[in-house]
Amino acid sequence: MVGIAELRARKGKMSQRELAEKIGTTQTSISNWEKNPLSMNAENIVKMAMFFGVSSDEILGIDHKDKELV
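Residues numbered from 1 in each chain as written. Predicted model: local features only at pLDDT ≥ 70, side-chain atom pairs only at ≥ 80, totals over all residues. Heavy atoms only, no water.

A. Representation of the packing of helix α2 (residues 16-23) against helix α4 (residues 42-52) in the model. Their axes nearest at 10 Å, the elements α2 and α4 cross at an angle of 105°. Taken together, the axis directions place α2 and α4 in an arrangement best described as roughly perpendicular. Between α2 and α4, the residues in contact are L19, K22 and I23 and K47, M48, F51 and F52, respectively. Split into classes, the residues belonging to the contact of α2 with α4 amount to 5 nonpolar, no polar and 2 charged. (Axes fitted to C-alpha atoms, helices over the stretch in contact; angles between N-to-C directions. Helix = DSSP H or I, 4+ residues; strand = E, 2+ residues; numbered from the N terminus. Parallel < 35°, antiparallel > 145°, perpendicular 65-115°, else oblique. Contact = heavy atoms within 4.5 Å. Nonpolar A, V, L, I, M, F, W, Y, C, P; charged D, E, K, R; others polar.)

Shown next, in the form of structure tokens:
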């Protein structure tokens, strides 16, 4: 699973504050989402996925290797 912190690191060690400014949110929100990506609303999932060039599944930490539904 690739988390938001890992994606920030891949962007040249981008800070939470820098990411927040880029997608129009707060540093506190970024921090909360890194701890619990499922707390993000759909709009912010899309913004984050588009910014990093990844799927929404990656932002949410969904791993398709484990096909079992909970």
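B. View of the side chain of Q16. Here Q16 is to be found in helix α2. On the basis of relative accessible area, Q16 is assigned to the buried category, the value being 16%. A polar atom in the side chain of Q16 sits 2.4 Å from the side chain of Q27. A polar side-chain atom of Q16 sits 2.9 Å from a polar atom in the side chain of E34. Apart from the residues within four sequence positions on either side, Q16 is in contact with R8, Q27, I30, S31 and E34. (Buried < 20%, exposed > 50% of the residue type's maximum accessible area, 1.4 Å probe, protein only. Polar contact = N/O pair within 3.5 Å; in protein donor to acceptor, adjacent residues only side chain to side chain.)

C. A look at the pattern of salt bridges. In this structure the tally under the stated criterion is 3 salt bridges. For E6, the salt bridge goes to R10, with nearest N and O atoms at 3.3 Å. A residue pair is termed a helical-turn pair when its members lie 3 or 4 positions apart in one helix, as E6 and R10 do in helix α1 (residues 4-10) at 4 residues. Overall, the relative accessible area of 42% leaves E6 in the partly exposed class. (Salt bridge = Lys/Arg side-chain N within 4 Å of Asp/Glu carboxyl O.)

D. Expanded view of unusual backbone geometry. Here the phi dihedral of K13 falls at roughly 60°; this positive angle occurs in a residue that is not glycine. Residue placement: K13 occurs in the loop between α1 and α2. Classification of K13 by relative accessible area gives exposed; the value is 74%.

E. Molecular detail of the environment of K22. Tracing the sequence through the fold places K22 in helix α2. According to the relative accessible area criterion, K22 is exposed, its value standing at 57%. Separated by 10 residues in the primary sequence, K22 and N32 place their C-alpha atoms 17 Å from one another. Excluding anything up to four places from it in sequence, K22 contacts M14 and F51.

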